[in-house]
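Notes for the structure review
Chain by chain, the residues run as shown.
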Amino acid sequence: MIYTHPKPLPTSARIGIFSAAGAVVPERLALGVRALEALGHHVIVEPAATLQWRYFAGTDAERVASFHALLADTSLDCLMMARGGYGFSRLLHLLDWDLVKAANKPIIGFSDFTAFNLAALAKSNLITYAGPMAAVDFPDLFNTEITAETNTELQFMNAHCWPALRGEATTHTVNVAHLYTPQTHTGAIWGSNMSLVSHLVGTPYMPNIEGGILFIEEIDEDPYAIERMFFQLFHAGILQKQRAILLADFTDCDPAGSRFAYGMEHVLDTLRGLLGDSIPVLTNLPFGHVPRKLTIPFGVQATLKIESEKYTLSF
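I will try to describe carefully the structure that is included in this document. (Residues numbered from 1 in each chain as written. Predicted model: local features only at pLDDT ≥ 70, side-chain atom pairs only at ≥ 80, totals over all residues. Heavy atoms only, no water.)

Some thoughts on the overall build of the chain
Short version of the rule: Runs of H or I in DSSP of at least four residues are treated as helices and runs of E of at least two as strands, each being numbered from the N terminus. Computation of the radius of gyration draws on C-alpha atoms, with the globule rule given as 2.2 Å multiplied by the number of residues to the power 0.38. Throughout this description, buried means an accessible area under 20% of the type-specific maximum (1.4 Å probe, protein chains only), exposed means over 50%, and partly exposed covers the range between. Here, residues are in contact when the closest pair of their heavy atoms is within 4.5 Å. When charges are counted, Lys and Arg contribute as positive and Asp and Glu as negative, whereas His and the chain ends are disregarded. Charged groups are reduced to one reference atom each: NZ for lysine, CZ for arginine, CG for aspartic acid, CD for glutamic acid.
The helix and strand tally for the chain stands at 8 helices and 13 strands. Taking 2.2 N^0.38 as the reference for a compact globule, 315 residues should give roughly 20 Å; the C-alpha atoms of the chain span a radius of gyration of 19 Å, in line with that estimate. Overall size of the chain, expressed as C-alpha extent along the three principal axes, is 50 × 45 × 40 Å. Of all 315 residues assigned to the chain, the portion counted as buried reaches 56%. Considering only intrachain contacts with a sequence separation of at least 6, the fraction spanning at least 24 residues in the chain is 80%. Across the chain, the centroid of the 21 positively charged side chains sits 6 Å from that of the 31 negatively charged ones.

Next up, the structure:
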């Protein structure tokens, strides 16, 4: 399957900010908007983006209407989610997928946004972007009080975001120990948040991707629960159809106190045992609930070149 690329982002863009999941902290959103404007963009925050209803940034109907309004606004070059949390899954059956397809503009976010990444491929045949969010990643971009390490990680995020949205080629090499022989794989890159990927199995919002490069990240889940979700993908026949699995960051995914501290190293060992040498499982992809993240065109054809002690991902 070849998916539709959205229009490339201009250098100085009009970016619409929306909230489709958890309620936003207004101060963080304001800092993120200021950073985006300092980068030369014109930012429009959809008026409903700062609403709150229960846990969410407004009712389901309000969040859908807000998102639809930005999709229909032809003056906007790009839509960026404010933050994640939980909530996009509640909207999937309410969205106008023809409008999503017709908008044909870059739409970017991560975490809970994974539900939309997946559904946009399945329902609109549209490539979207797994990448930074306005009230999560950008607020500290110009903060002089953060550590030098965090600043370096945020600069990495910023440097990789805009070229990807402009449709430019990206190549990134990860130095990591592994036992695979040198090999090269090409396929659609997809995946993102583990909980959302497993949650949509068996629904019309899950794209049927064969020969893909699956990348996975997660936050605040016990490793045994992550392994259980991988088994769901395995039992559904999804893992076996991929060319490679890339594990990104698993933030705060430490084993809970128990008789056996089941860690991510055990999950990795299980995955490699399930898939054998024919489907490589590699680690350390810079993506997830961390400042240092790539921006990944979700569904684009990517090339994974595996060499001794490293791998290179290009798209």
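Here's the deal with the packing of aromatic side chains
Given two aromatic rings, one states the distance between the centres and the angle between the planes to describe the pair. Convention followed: Any pair of Phe, Tyr and Trp rings, taking the six-membered ring for Trp, is counted once the centres come within 6.5 Å. Such a pair is stacked with planes under 30 degrees apart, edge-to-face with planes over 60 apart, and tilted for the rest. Whether a charge sits over a ring comes down to the Lys NZ or Arg CZ being within 6 Å of the ring centre and within 35 degrees of the ring normal.
The final tally for this structure, using the stated rule, is 17 aromatic pairs. Measuring from centroid to centroid gives 5.9 Å for F67 and F88, while their planes differ by 85°, and the two rings are edge-to-face. Of this pair, F67 sits in helix α2 (residues 60-72) while F88 is found in the loop between β3 (78-81) and α3 (97-103), placing the two residues 21 residues apart along the sequence. For the residue pair F67 and F88, the accessibility class agrees, reading buried in each case. Seen in terms of ring centroids, F215 and F298 are 6.3 Å apart; in terms of plane orientation they differ by 70°. Their pairing is edge-to-face. Here F215, found in strand β8 (residues 213-219), pairs with F298, found in strand β11 (residues 296-298); they are 83 residues apart in sequence, far enough to count as distant. Like F215, the residue F298 is buried in the burial classification. A cation over an aromatic ring shows up here: R292 above the ring of F156, its NZ or CZ 4.1 Å from the ring centre. Between the NZ or CZ atom of K293 and the centre of the ring of F110, over which it lies, the distance is 4.3 Å.

Things to note about the pairing of β3
Our working rule: Here, a strand pair is defined by DSSP locating no fewer than two bridges between the strands. Orient the strands so they point away from the viewer; a crossover is then right-handed if the path from the first strand over the helix to the second runs clockwise.
The alternating pattern of β3 places C78 and M80 on one face and L79 and M81 on the opposite face, and all of these are buried. Strand direction decides the pairing type here: strand β1 (residues 14-18) and β3, joined by 4 bridges, are parallel. Bridge pairing in β3 places I15 opposite C78. Two strands pair when backbone bridges link them, and β3 and strand β4 (residues 107-109) are joined in this way by 2 bridges, in the parallel orientation. What sits directly across from L79, in β4, is I107. For the handedness criterion, the β-α-β arrangement of β3, α3 and β4 is classed as right-handed.

Topic: the sheet that holds strand β5 (residues 128-130)
By way of backbone hydrogen bonds, the strands of a sheet pair with one another, either parallel or antiparallel. Selection rule: Simply put, an axis is a line fit to the C-alpha atoms, just over the touching stretch for a helix, and the angle between two N-to-C directions goes from 0 to 180 degrees.
Taking strand neighbours across the sheet as the criterion, the 6 strands line up as β2-β1-β3-β4-β5-β11 in an open arrangement whose pairing is mixed. If you trace the sheet from one side to the other, it starts and ends with β2 (42-45) and β11, each paired once. When the angles between neighbouring strand axes are averaged without regard to direction, this sheet yields 30°. Sheet analysis places β5 next to β11, joined by 3 bridges and oriented antiparallel. Residue pairing in the sheet places A130 in a bridge with I296 of β11. Each of β1, β2 and β3 touches helix α1 (residues 26-38); the most contacted strand, β2, lies at about 155° to it.

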